[in-house]
Amino acid sequence: MKTKIILDVDTGIDDALAITFALGRKDAELIGVTTCFGNVTFETASRNSLNLLDLLGRSDVPVYAGAKGPGDESEWQVREHLYRIHGNNGIGNVELPVSKRKVEEKKAWQFMAEACRKYRDELILICVGPLTNLAKAIELDREAVGLCKKIVIMGGALTVKGNVTPYAEANIYNDVKAAQKVIDSGLDLYFVGLDVTLQTIITGNDIMRWKQLDNEKAGKLYEAASYYYSNEFEVVGGAMHDPLAVEAALDPEIITEWFPVNLMVEQEGVTKGRMIGDKDLLNEPRKRIHYGLKVNGERFVKDFEETVLNVIS
Ligand code: RIB
Ligand code: CA
């Protein structure tokens, strides 16, 4: 049986690639996309997700809009440097055909909680944006969220420098309160942070076969991916942060070391957003966080390229 998944995104180029990758997984059924502020505003994340799903012929996948800013309390100002990474429209300035669809009426967190109650251990939640929607789903119905098979989060930088500040990774930094609420829920959490995503970098060579396809889907995806890998780290390539979280959810062995640990999130000061061992829980034998430290990057990049190739062929 296919595992049902919900992808919580701030679409974003690597989010768009994660959606595409998820659609190509034979072992998964994407039952919904939920959106959040982050790389872009939540409106742009919703629009990009709808446009992409329709382009890929998957207008059957519903999109639910979520938080507009940290705690869903204030409007989000996209940080200047993000335009360089994701382009002015979040997908590398690539114009996707405009979907006629709208987001669903239900809010992202309602959908998440209801789906967890309905599908229980048939469902995995994969969160690859700030954790606001997940925190709100837990607030709404902690019991329901606890019924799902697994929660996988792209976030954190434990053994490497952060990407927003030297201490913090973007998804955690963008809503530190939400991240701490999610941790305080006592649920088991699987974190795929920069420690491993920076080991899954793609360059033009890796996706040459996408370029050779002669159709609109492939052209648009290739163009967006090229913008990302030529801009995120200038020359080195683009880290597949969000696609790796999808892979780790469905095939956890891609992460060759999951570190069991109880972490907390620093809430203010220069270290705001840093995830660090929670000293109050140091002697607690039960470790709730499973933090990815090592990855089979080569295998991932191959699987990813091939899976996306099939979707866009
Ligand atoms: O730090 C990387 C993460 O922040 C990715 O999920 C990227 O899409 C942004 O949301
Ligand atoms: Ca993201």
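Above this text sits the structure in question.
Only a predicted model underlies this, so the values are computations on that prediction, with no experimental measurement involved.

Cut-offs used in this document
- Residues numbered from 1 in each chain as written.
- Chains lettered and ligands numbered in written order.
- Predicted model: local features only at pLDDT ≥ 70, side-chain atom pairs only at ≥ 80, totals over all residues.
- Heavy atoms only, no water.
- Helix = DSSP H or I, 4+ residues; strand = E, 2+ residues; numbered from the N terminus.
- Rg over C-alpha atoms; globule rule 2.2 N^0.38 Å.
- Buried < 20%, exposed > 50% of the residue type's maximum accessible area, 1.4 Å probe, protein only.
- Contact = heavy atoms within 4.5 Å.
- Areas by Shrake-Rupley, 256 points an atom, 1.4 Å probe, with all protein chains shown as cover.
- Lys, Arg positive; Asp, Glu negative; His and termini not counted.
- Charge placed at Lys NZ, Arg CZ, Asp CG, Glu CD.
- Donors = N, O, S within 2.8 Å, 3.2 Å for Na, K, Ca; no water.
- Near = heavy atom within 4 Å.
- Polar contact = N/O pair within 3.5 Å; in protein donor to acceptor, adjacent residues only side chain to side chain.
- Salt bridge = Lys/Arg side-chain N within 4 Å of Asp/Glu carboxyl O.
- Core = buried A, V, L, I, M, F, W, Y, C linked by side-chain atoms within 4.5 Å.
- Pairing = 2+ DSSP bridges.
- Axes fitted to C-alpha atoms, helices over the stretch in contact; angles between N-to-C directions.

Points about the overall build of the protein
- Counting secondary structure elements, the protein contains twelve helices and twelve strands.
- Since a compact globule built from 313 residues should have a radius of gyration of about 20 Å, the 18 Å found for the protein is in line with a globular shape.
- In terms of overall dimensions, the protein has C-alpha extents of about 55 × 40 × 40 Å along its principal axes.
- The proportion of buried residues among the 313 residues of the protein is 59%.
- Summarising the internal contacts of the protein: among those between residues at least 6 apart in sequence, 82% fall at separations of at least 24.
- In the structure as shown, the protein presents an accessible area of about 13200 Å², 49% of it carried by carbon and sulfur atoms.
- On the protein, the mean spot of the 37 positive side-chain charges and the mean spot of the 47 negative ones are 2 Å from each other.

A word on the coordination of the calcium ion (ligand 2)
- Ligation of the calcium ion (ligand 2) by protein atoms is provided by Asp10 (OD), Asp15 (OD), Asp15 (OD), Val128 (O) and Asp242 (OD), these donors lying 2.3 to 2.8 Å from the ion.
- Donor residues for the calcium ion (ligand 2), ordered by position in the chain, follow D-x4-D-x112-V-x113-D. Within this pair, whereas aspartate 15 is found in helix 1 (residues 13–24), its partner valine 128 is found in the loop between strand 4 (123–127) and helix 5 (132–145), the two being separated by 113 residues in sequence. Accessibility assignment for this pair places aspartate 15 and valine 128 in one class, buried.

A look at the site of ligand 1
- Within the structure, ligand 1 sits among Asp10, Asp14, Asp15, Asn39, Val128, Met154, Asn163, Glu169, Ala170, Asn171, His241 and Asp242.
- Taking asparagine 163, its side chain carries an N or O atom lying 2.8 Å from an oxygen atom of ligand 1.
- Compared with its free state, where it exposes 270 Å², ligand 1 has 95% of that area covered by protein.
- Where the shell around ligand 1 is concerned, the elements lending two or more residues are helix 1, helix 6 (170–173) and helix 11 (241–250).

Describing the side chain of aspartate 242
- Inspection of the secondary structure assignment puts aspartate 242 in helix 11.
- Although aspartate 242 is buried, it makes no salt bridge; arginine 79 carries the closest opposite charge, 14 Å away.

Quick word on the nonpolar core
- If you look at the biggest cluster of nonpolar residues, it comprises 105 residues, and the most contacted ones within it are Leu7, Leu125 and Trp210.
- Residues contacting leucine 7, with those up to four places away along its chain left out, are Ala18, Ile19, Ala22, Leu30, Gly32, Val33, Thr34, Ile126, Val128 and Val246.

As for the sheet that holds strand 2 (residues 28–35)
- Read across the sheet, eight strands follow the order 3-2-1-4-5-6-12-9 without closing on themselves; strand pairing throughout is mixed. With partners counted over all chains shown, the strands left at the sheet margins are strand 3 (63–65) and strand 9 (255–261), one partner each. Adjacent strand axes in the sheet meet at a mean angle of 25° when their direction is disregarded.
- Pairing between strand 9 and strand 12 (residues 289–295): six bridges, direction antiparallel. Considered in strand 12, the bridge of valine 261 is made with isoleucine 289.
- In this fold helix 4 (residues 108–119) packs onto strand 1 (3–9), strand 2, strand 3 and strand 4, with an angle of close to 155° to the strand it touches most, strand 2.

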